[in-house]
Number of protein chains: 4
Amino acid sequence: MGGNQLGSVFRITSFGESHGAAIGVVIDGCPAGLVVRRDVIQKALDRRAPGRSAITSSRKEKDIVEILSGVSNDVSLGTPICLMVRNQDARSEDYKNIRNIYRPSHADYVYDAKYGVRDYRGGGRASARETVARVAAGAVAGILLDRLGIKIYAYVDQIYKLKSKVPYDQMDINKSIPNALNIPDDTLYDKVTKLIQVAKEEGDSLGGSICCIIRNCPVGLGEPVFDKLHADLAKAMMSIPASRGFEIGSGFGAILMKGSEHNDSFYTDDHQKIKTKTNHSGGIQGGISNGMDINFRVAFKPVSTIAKEQTSVNTLGQSVAFKNIGRHDPCVVPRAIPIVEAMTKLVLADHYLRNKTSTILHA
Amino acid sequence: MGGNQLGSVFRITSFGESHGAAIGVVIDGCPAGLVVRRDVIQKALDRRAPGRSAITSSRKEKDIVEILSGVSNDVSLGTPICLMVRNQDARSEDYKNIRNIYRPSHADYVYDAKYGVRDYRGGGRASARETVARVAAGAVAGILLDRLGIKIYAYVDQIYKLKSKVPYDQMDINKSIPNALNIPDDTLYDKVTKLIQVAKEEGDSLGGSICCIIRNCPVGLGEPVFDKLHADLAKAMMSIPASRGFEIGSGFGAILMKGSEHNDSFYTDDHQKIKTKTNHSGGIQGGISNGMDINFRVAFKPVSTIAKEQTSVNTLGQSVAFKNIGRHDPCVVPRAIPIVEAMTKLVLADHYLRNKTSTILHA
Amino acid sequence: MGGNQLGSVFRITSFGESHGAAIGVVIDGCPAGLVVRRDVIQKALDRRAPGRSAITSSRKEKDIVEILSGVSNDVSLGTPICLMVRNQDARSEDYKNIRNIYRPSHADYVYDAKYGVRDYRGGGRASARETVARVAAGAVAGILLDRLGIKIYAYVDQIYKLKSKVPYDQMDINKSIPNALNIPDDTLYDKVTKLIQVAKEEGDSLGGSICCIIRNCPVGLGEPVFDKLHADLAKAMMSIPASRGFEIGSGFGAILMKGSEHNDSFYTDDHQKIKTKTNHSGGIQGGISNGMDINFRVAFKPVSTIAKEQTSVNTLGQSVAFKNIGRHDPCVVPRAIPIVEAMTKLVLADHYLRNKTSTILHA
Amino acid sequence: MGGNQLGSVFRITSFGESHGAAIGVVIDGCPAGLVVRRDVIQKALDRRAPGRSAITSSRKEKDIVEILSGVSNDVSLGTPICLMVRNQDARSEDYKNIRNIYRPSHADYVYDAKYGVRDYRGGGRASARETVARVAAGAVAGILLDRLGIKIYAYVDQIYKLKSKVPYDQMDINKSIPNALNIPDDTLYDKVTKLIQVAKEEGDSLGGSICCIIRNCPVGLGEPVFDKLHADLAKAMMSIPASRGFEIGSGFGAILMKGSEHNDSFYTDDHQKIKTKTNHSGGIQGGISNGMDINFRVAFKPVSTIAKEQTSVNTLGQSVAFKNIGRHDPCVVPRAIPIVEAMTKLVLADHYLRNKTSTILHA
């Protein structure tokens, strides 16, 4: 009941505190026979690491992943795969001054209230560092999806008031990633970079949104009723730190459309494949993938850790003013790209395997 | 793996096709000793039924709930509670003409693709009629929450372009429900009614959004990492037919705020209770309730069943034009109110019970 | 957490009290496309019913099963299958005199202690009548196994001191069932019948054991570590009312063998199939089926309800003497045959489906 | 679906191959606030290690446990606890000669058949070395049970034909452990030691049985129907490598008793506590603990690895003769004592926490 597990067949268990010994994940249910190379997982973690670009912080985490089990000679054994990353670059002293402070919009207060005990160093379990586990596991899920030809691509489509104008269906997701926002728009990228720089100087932070596209998804993934594909995607996305909203396909924009506009008419294409003329459904109907591009969007709040002085209360309930010490990113949205992709991969791999038992034809 | 279960401790299993023998639900994990009266569940189902107001369809479903197990002398036994509603007002003939048609933005096509077999009558398992099970189970969850003083209130805050201007925190949720939108704004109600009437005449449909408020939620509900309270709420909401988006607290609006504006400063109130000055977090921080009002919003697309003629393909992939026969609502958003409330109750009851084992102090 | 669910993919939820409105079961995860006819399930329930032979009680329960969902035109839809049996022949008055008595070796006392409330009529949820749900669900699982050619056969191999001398591997499981013990030994059958008759006259009861054989089980079912095939069979069997022990293959007899005797040497048969010369492993090695006959044995205590006067305490803790009124079987072991078979089918169907995702070759 | 998880609330995920990088376990659902010291876990692992006595092998594994997460300053945080033990004393070369051989009564063949790939070194995942994970997690569960005053004690009650004559209810479980069999019978211990020595000289192996006693178990643990306390214990025990049978209370002996003998009459003791005069039920009735001593027995086959030459087939199906090289224990039953205890602790801790939500009184 601890809430640290995700998935039904491809099930992951995440563990680790930000400044504890290690962060890691166990995958139970990964099929045997998959080629799982350590460097593929390492590469995914490198992509997640900060310091990749001008717009993320300069902290140099060295996240070296070790495969503790479940893989032999680069092949998955069908047994649990444990991936572990030691915590290294941990400056626990930076947190001493906030040890007894409930930082605004952080999880400090609720952890104390829920558990009666809390690892205050670096946010403990509530730290975004936990996403190391997600990205590592997602890399393994990605290997399975690659075999199936399923493509997943996430990019930043808005930071504060700056919004990308390229529609999702015009993104060329096969191109190499051009910049930290994953967008083919250098002008926007430059503007965003400057915007973030200003926020940094102000000691403030910025939010934004990420769009994610899934191409070549087989028809039939997702279960009716509660485990609808987009319901599981929504849960996965809303479990990412700082996420505030999720929308699939037309999303909140659907409110402003009439049924006759919104309905996606079916047609048969030249290859005798059934498709829809429009894709307001976002590739999922009745909770089940229909073969069209799946696309969804996730909103992220401005990160809570800012350099400006703030007021709050301490653990005794007394009013205090405080300032965060040490490094921090004024905008973490670009760093959420590989996390959004990883969570998407985990959900898809799980639903792909779940679907193996949906009909007697498979059975 | 069928995806028809929700919850970890208070776990429900939903069953039933729209035009099959019955719709029902089994609750496994309801604590013993709860006063469960049939009429409380019946009342919840009556609220869900159509025909309650001018703006919903005139179909007169007679949804009589029967308690098959788990309750004796109006007290829950701690054993599974099965609630069953017979399907009665089923005009299966209405669906014969669309038997072989993949209706746009319905689940017909994906069900065929996934299962190779499909109950076409009334949408089968994909019908919104399945929500009878949710509302019935939610009524039982509501009895538990009532004991705890937790209040849940949902209302329509937008239909097409008409949007309520009353902020969520100014809603008086203790008043009796004034109208089919659950809003204290008669002018808006009248405008919406007319708008829906026009859509009906046009043979078209309209979408909208529902806002939900939870008051008096104890601090500490929700599990870190994957089973964050708002992640489970997001999944529950996105599992409701026709939902397209979910946002908690500031939601997508958070994108346009800076961290210094968005952060909710803590303070201690006159009763020595820790609170936040603002509530952009929507009552949940780090995935755990912080005692402030929880509030979230759900977007619903315009319902897919419209009276206008549409084009699509049949099961052979051939192009067809068709019209829906029979009753249909041009706007189902008001009918989603009790469903949003029921799903919220199910999530909260489950997390309330889950939290019983979070610390050794409880244990 | 209610404990009324079994299985991971082919997952059943059982519900119902002995003298409540109905007993039933929901199967979530049954593959679509299976031919599920009501009469097949009914026939299984008829086999379970008492009054089939001289050695079981004359109570005439009329257990008519209704398929509430998940099946259309005799084909499974991939959606939850709910099977319900109304309780009819319920003489609740028979139980009034024992309402406040904790009957020896019954669940009365522990239910009161655990839940603080109890349906005393007919044992409520603790009644063996709950097995109606298991047998009904097992019949559906059996349809899947039939398709795969897997054969399951259970028989009584001991009642009190009378033990069958036919080894399990000499049982012809394709023959029609010869008698209420399912054994091809008329002499033993006659002796047992007399023995039970004497016990009845004495107002006493008798226990025994059931042996179960699985033929044509594919190689590879069962998961290593916790969900070993025989571990799941053990749990399933020990969950049957009155069961006291379980052994697989050589079982407790293995204690008296040396490793060199017990080890099953592999050889390749004429069809190039790998087999073992002996089968002390009982068809399962390392928790995974090896293609040999699976065989196990379950011990049942003498049923607790006896006609003799007994002493116990009442709900106030006071000493009382009492006698059970009404019908009762002096030996329920023969009636456990279809229940053992049903539980076996449920475990096998689940593991068969689970195994669909064990390797990338399947995926 | 990998089968490497156990428990509903106190849920463990085991990982690791015998000769891989590490063996470990993640506990999700351990309550916060528990005093978890590394040395307590280490001590439990030391007890499991071979070389503790004359009757177990001389291999000196050095199993040093590391707490990777979930504990800070010796207190559990409510977050996942990952415990890891590096594999060190691994002589993989010893296994090269059997790399392509399906050893009799080992899991080699079924792993190949199921997964198409296998880590042959030391049995890989099928190795009894996996029980390191169980013992480590069991030590944490034991800390919780200690707080509650629940005592668990296992001992060898039979090796081959030598059987202890001390009834379980005359065992003084508070005494320090006298010998490798945990029995207070030096004569029997000497005889067993000699018997095992002879088996070793013969290159053969011996089986036996372990009895386990649980004292001070609260009334009310265990869930009706499928998750009966003894059903979950049965599964846990049958998941231990080499186990062949399980019996609770009177067990298979119940077959030879009449109901009037077997029924446990209730009485009220001097402290107004309800007890039973006899305890044939083994402390569990209707699947729920009744406060009497729980006792059960587990049968273990003679270990499959023997020094004698054996015949089998290789991976090509060809007949081969082979001999195991290297160390091996002729009797592993004594080493199963801490494993039986650990599995018992895991089941009890889980059911203790599950029971927290059984009634509204707790809620």
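Just so you know, these numbers come straight off a predicted model, no measurement behind them.

Quick rundown of the overall build of chain A? Include the residues and the values.
Scanning chain A for helices and strands turns up seven helices and 19 strands. Its C-alpha atoms give chain A a radius of gyration of 21 Å, within 12% of the compact-globule value 21 Å for 363 residues. Overall size of chain A, expressed as C-alpha extent along the three principal axes, is 65 × 50 × 35 Å. Of all intrachain contacts in chain A linking residues separated by at least 6 positions in sequence, the fraction that spans at least 24 positions is 71%. Summed over all atoms, the accessible surface of chain A reaches about 11,800 Å², with 47% contributed by carbon and sulfur. Across chain A, the centroid of the 47 positively charged side chains sits 2 Å from that of the 38 negatively charged ones.

Which residues make up the interface of chain A and chain D, and what values go with them?
Each side of the interface is counted separately: chain A has 41 residues, and chain D has 41 residues. With both sides pooled, the region where chain A packs onto chain D buries about 3,000 Å², and carbon together with sulfur makes up 58% of that total. A salt bridge links D:Glu66 to A:Arg86, with the shortest nitrogen-to-oxygen separation between them at 2.6 Å. Taken together, the connections running from chain A to chain D amount to 13 residue pairs in polar contact (both at pLDDT 80 or more). Looking at the side of chain A that touches chain D, the elements that each hand over two or more residues are β2 (11–15), β3 (22–28), β4 (65–69), β6 (75–76) and β7 (81–86) of chain A. For the side of chain A that touches chain D, the residue count by class is 16 nonpolar, 16 polar and nine charged.

Now, about the relation of the copies chain A and chain D: what can you tell me, with residues and values included?
Each of the two chain copies can be brought onto the other by rotation about an axis and movement along it. You can overlay chain A on chain D at an RMSD of 0.0 Å; the transform is a turn of 180° with a shift of 0.0 Å along its axis. The superposition operator between the copies reduces to a two-fold rotation axis. Same-surface contact between copies: 100% of interface residues of chain A are shared with the interface of chain D.

Can you break down the packing of aromatic side chains residue by residue, with the values?
With the rule as written, the count across this model stands at 26 aromatic pairs over all chains. Residues A:Tyr109 and B:Phe266 carry aromatic rings whose centres are separated by 5.4 Å and whose planes lie at 65° to one another, so their mutual orientation is edge-to-face. Taken together, the residues A:Tyr109 in helix α2 (residues 108–115) and B:Phe266 in strand β13 (residues 266–268) connect one chain to another. Grouping residues by exposure puts A:Tyr109 and B:Phe266 together as buried. Among the aromatic residues, ring-to-ring pairing joins A:Tyr102, A:Tyr109 and B:Phe266 into one connected group.

Describe in detail the nonpolar core, supporting the description with residues and values.
By size, the foremost hydrophobic cluster in this structure holds 360 residues, and its most contacted members are A:Phe296, B:Phe296, C:Phe296 and D:Phe296. When residues no more than four places from it in sequence are discounted, the contact partners of B:Phe296 are B:Ile210, B:Cys211, B:Cys212, B:Ile214, B:Leu233, B:Met237, B:Phe246, B:Glu247, B:Ile248, B:Val340 and B:Thr344.

So what about the environment of C:His19? Which residues, and what values?
Residue and element names in this part refer to chain C. Here His-19 is to be found in the loop between β2 (11–15) and β3 (22–28). In sequence terms His-19 and Arg-129 are 110 residues apart; their C-alpha atoms lie 9.2 Å from each other. Within polar-contact distance, the side chain of His-19 engages the side chain of Ser-18 at 2.9 Å.

Can you tell me about the pattern of salt bridges, naming the residues and giving the values?
A full pass over the atoms with the stated rule returns 88 salt bridges over all chains. Between A:Arg118 and A:Asp112 there is a salt bridge, with its nearest N and O atoms 3.3 Å apart. For A:Arg118, a relative accessible area of 17% puts it in the buried group. Ionic pairing is found between C:Asp119 and C:Arg121, a salt bridge with its closest N-O pair at 2.9 Å. Take C:Asp119: its relative accessible area is 8%, and that puts it in the buried class. Given a relative accessible area of 22%, C:Arg121 falls into the partly exposed group. Among the ionic contacts, a cluster of salt bridges with common partners joins A:Arg103, A:Asp108, A:Asp112 and A:Arg118.

Could you give an account of helix α1 (residues 38–48) of chain D, with specific residues and numbers?
All names here are of chain D. Among the residues of α1, those classed as buried are Ile-41, Gln-42, Ala-44, Leu-45 and Arg-48. Down the axis of α1, the smallest arc covering the buried residues is 160°, so these residues share one side. The inward-facing, buried residues of α1 contact β4 (65–67), β7 (81–86), α3 (131–148) and α7 (337–354).

Which residues make up the sheet that holds strand β18 (residues 310–314) of chain C, and what are the values?
All names here are of chain C. Taken in spatial order, the three strands make up an open sheet running β8-β18-β19, and their pairing is antiparallel. Edge positions in the sheet fall to β8 (101–102) and β19 (319–322), since each has one partner strand and no second. Here β8 pairs with β18 via two bridges, running antiparallel. Bridge assignment links Ile-101 to a residue of β18, and that residue is Asn-314.

Give me the lowdown on the interface of chain B and chain A, citing residues and values where you can.
Contact with chain B, which involves 105 residues of that partner, is made by 105 residues of chain A. Summed over both partners, the interface of chain B with chain A buries about 8,400 Å², with 61% contributed by carbon and sulfur atoms. Broken down residue by residue, the surface that chain B buries against chain A is led by B:Lys114, B:Phe226 and B:Arg244, which jointly contribute 11%. One can count eight salt bridges joining chain B with chain A. Across the salt bridge formed by B:Glu223 and A:Lys114, the nearest N and O atoms sit 3.2 Å from each other. Inspection of the chain B/chain A interface yields 45 residue pairs in polar contact (both at pLDDT 80 or more).

Definitions and limits used
- Residues numbered from 1 in each chain as written.
- Chains lettered and ligands numbered in written order.
- Predicted model: local features only at pLDDT ≥ 70, side-chain atom pairs only at ≥ 80, totals over all residues.
- Heavy atoms only, no water.
- Helix = DSSP H or I, 4+ residues; strand = E, 2+ residues; numbered from the N terminus.
- Rg over C-alpha atoms; globule rule 2.2 N^0.38 Å.
- Contact = heavy atoms within 4.5 Å.
- Areas by Shrake-Rupley, 256 points an atom, 1.4 Å probe, with all protein chains shown as cover.
- Lys, Arg positive; Asp, Glu negative; His and termini not counted.
- Charge placed at Lys NZ, Arg CZ, Asp CG, Glu CD.
- Buried area = accessible area lost by both parts, 1.4 Å probe.
- Salt bridge = Lys/Arg side-chain N within 4 Å of Asp/Glu carboxyl O.
- Polar contact = N/O pair within 3.5 Å; in protein donor to acceptor, adjacent residues only side chain to side chain.
- Nonpolar A, V, L, I, M, F, W, Y, C, P; charged D, E, K, R; others polar.
- Least-squares fit on C-alpha atoms with pLDDT ≥ 70 in both.
- Phe/Tyr/Trp six-rings, centres within 6.5 Å; stacked < 30°, edge-to-face > 60°.
- Buried < 20%, exposed > 50% of the residue type's maximum accessible area, 1.4 Å probe, protein only.
- Core = buried A, V, L, I, M, F, W, Y, C linked by side-chain atoms within 4.5 Å.
- Arc of directions from axis to C-beta.
- Pairing = 2+ DSSP bridges.

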